[in-house]
Amino acid sequence: MKNPFISKLLRTKSADGVGFALDLERADRGVYCAAIKLTGMRPKVLRCSYHATGKVSPDSLEKVCREIGFLEQPLTSLLPLDDYQILLIEAPVVPEDELRTAIRWKIKDALNFHVDDATVDVLKIPKDGAERTQSLYAIAANNKTIKQRIELFERAKQNLKVIDVHETAQRNVACLFEKNETAVALLAIDEQGGLLTFTAGGELYLSRRIEISAGQMREVDEVLLRQVFNRIELELQRSLDYFDRQHNHLQVDLVLVCAANQTQLVAFLLEMLDVKVAALNLAQVMDISDVPDLADSEFLSHALPVIGAALRQESRAL
């Protein structure tokens, strides 16, 4: 059985320059789908839609792909955040062909399952010329989880090419907003929680998960909502400070926010942080004219992962 996770965490695209992705994150309810034309001056979103299926089965997955014209297309599928671990470590000093084995040994005690049951891939973090050590992210998923995802697509007779993770999908979006040699932070909050990423030069430098959900962002009690905002600001400030210490050759030029109730959050963060903060607006970097729903922050907060997954290209690892 071919494993599209290990050694397949590469940016890939179909021959006609269109990326296709499915997000089964809400597999008990439905599927988010996206198709993006990757050629031209700016990426063009051809489709981004939600399909209520109930619990996703091979039959319902095949039906959705047939309805939206994804049959026989090379598909990227996202793993739910809870289905994998991403661990920041120093790269073992070993020959390249021994790296994966050494990493498995290094992370074995941090995994929620036995290392022998793990599929592991690696994302190297770019280092400053003065740095002697190489940091990297080890991304590990249970073999059973990977097998179930592959079998779901095989039984649905769909062409699963890549199993992606949220951190790299979010990087694909954030890097579109980069200018010159500065870094961009992107905070996305949905029902699964918050994910904060820092990118520069099209690469992922830092990723942190934040235990704030979309439901908390919709809090109607002003006192409780202020507490949520305070927690977000604290996590952001800590992450900005950490990024500055670890990568002081890069300046964070922009913090983007994608969440329900993001207008209030952006206004709050502008007062609290000494950096430019703005709501994520895909129309600034992509052609979304065919999918006007992407201008709605509520829809975008759910669709962002599948948009990022569909933005894959062949140019870099993970």
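Residues numbered from 1 in each chain as written. Predicted model: local features only at pLDDT ≥ 70, side-chain atom pairs only at ≥ 80, totals over all residues. Heavy atoms only, no water.

Undergrad: Let's hear about the overall build of the protein chain: which residues, and what values?
TA: In terms of helices and strands, the protein chain carries 8 helices and 13 strands. By the compact-globule yardstick of 20 Å for 318 residues, the protein chain fits well, its C-alpha radius of gyration being 19 Å. Viewed in the frame of its principal axes, the protein chain has a C-alpha envelope of about 50 × 50 × 40 Å. Split into buried and exposed, the 318 residues of the protein chain put 54% on the buried side. Sequence separation of at least 24 residues holds for 66% of the intrachain contacts in the protein chain that already meet a minimum separation of 6. Element-wise, carbon and sulfur atoms account for 46% of the exposed surface of the protein chain, whose accessible area totals about 14800 Å². Within the protein chain, one finds 38 positive and 46 negative side-chain charges whose respective centroids are separated by 5 Å. (Helix = DSSP H or I, 4+ residues; strand = E, 2+ residues; numbered from the N terminus. Rg over C-alpha atoms; globule rule 2.2 N^0.38 Å. Buried < 20%, exposed > 50% of the residue type's maximum accessible area, 1.4 Å probe, protein only. Contact = heavy atoms within 4.5 Å. Areas by Shrake-Rupley, 256 points an atom, 1.4 Å probe, with all protein chains shown as cover. Lys, Arg positive; Asp, Glu negative; His and termini not counted. Charge placed at Lys NZ, Arg CZ, Asp CG, Glu CD.)

Undergrad: Please set out the packing of helix α6 (residues 222-246) against helix α7 (residues 262-272) residue by residue, giving values where relevant.
TA: Where α6 meets α7, the axes come as close as 10 Å, and the angle between the chain directions of the two elements is 55°. In this view, α6 runs oblique relative to α7, as classed from their interaxial angle. Pair α6 / α7 crosses with right-handed handedness. Facing α6, whose interface residues are L225, R226, F229, N230, I232, E233 and L236, α7 presents Q264, L265, F268, L269 and M272. Its residues assigned to classes, the contact of α6 with α7 shows 8 nonpolar, 2 polar and 2 charged. (Axes fitted to C-alpha atoms, helices over the stretch in contact; angles between N-to-C directions. Parallel < 35°, antiparallel > 145°, perpendicular 65-115°, else oblique. Left-handed = near helix turned anticlockwise from the far one by under 90°. Nonpolar A, V, L, I, M, F, W, Y, C, P; charged D, E, K, R; others polar.)

Undergrad: Go over helix α1 (residues 58-68), please, and point to the residues and values.
TA: When we look at burial in α1, the residues that qualify are P58, S60, L61, V64, C65 and I68. Where α1 is buried, its residues contact β1 (18-23), β2 (30-37), β3 (44-52), β4 (75-78) and α3 (143-155). Positive phi appears at G69, one or two residues downstream of α1, with a value of about 80°.

Undergrad: Break down helix α8 (residues 297-310) for me, with residues and values.
TA: Counted at 1.5 Å a residue, the expected span for α8 with its 14 residues is 20 Å, and the 19 Å between its end C-alpha atoms agrees. At A303, α8 shows its strongest bend, of approximately 55°, with the proline P305 following within four residues. With 12 of its 14 residues buried, α8 lies for the most part within the structure. For α8, the complete set of buried residues consists of F299, L300, S301, H302, A303, L304, P305, V306, I307, G308, A309 and A310. (Expected span 1.5 Å × (residues − 1). Bend = angle between axes of the 7 residues up to and from the residue.)

Undergrad: Can you break down the sheet that holds strand β6 (residues 118-124) residue by residue, with the values?
TA: Taken in spatial order, the 3 strands line up as β5-β7-β6 in an open sheet, and their pairing is antiparallel. Each of the sheet's edge strands pairs with one partner strand only, and the pair in question is β5 (84-90) and β6. Averaged over all pairs of adjacent strands, the angle between strand axes in this sheet comes to 25°, irrespective of strand direction. Two elements, β5 and strand β7 (residues 135-142), share 7 bridges in a ladder whose sense is antiparallel. Residue E90 lies in a different strand from β7, and its bridge partner there is S135. Sheet contacts for α3: β6 and β7; angle to β7, the most-contacted strand, approximately 70°. (Pairing = 2+ DSSP bridges.)

Undergrad: Residues and numbers for the pattern of salt bridges, please.
TA: For the structure on display, the rule yields 10 salt bridges. For K124, the salt bridge identified is with E96, shortest N-O distance 3.4 Å. One end of the pair, K124, is in strand β6; the other, E96, is in the loop between β5 and α2 (99-107), with 28 residues separating them in the sequence. The exposed category is assigned to E96, whose relative accessible area is 56%. Each of K44, D287 and D290 takes part in a single network of salt bridges with overlapping partners. (Salt bridge = Lys/Arg side-chain N within 4 Å of Asp/Glu carboxyl O.)

Undergrad: Talk me through the packing of helix α4 (residues 166-174) against α8; I want residue IDs and the actual numbers.
TA: As a packed pair, α4 and α8 sit with axes 7 Å apart at the nearest point and diverge in direction by 80°. Considered as vectors, α4 and α8 are oriented roughly perpendicular to each other. Contacts between α4 and α8 pair H166, A169, Q170, N172 and V173 from the former with L304, P305, I307, G308 and A309 from the latter. For the contact of α4 with α8, the class distribution of residues is 6 nonpolar, 4 polar and no charged.

Undergrad: Please give an account of the environment of L254 that cites residues and values.
TA: Mapped onto the fold, L254 is located in strand β12 (residues 252-258). Classification of L254 by relative accessible area gives buried; the value is 10%. With 70 residues separating them in the primary sequence, L254 and V184 have C-alpha atoms 5.1 Å apart. Setting aside its immediate chain neighbours within four residues, L254 contacts A183, V184, A185, V275, K276 and A278.

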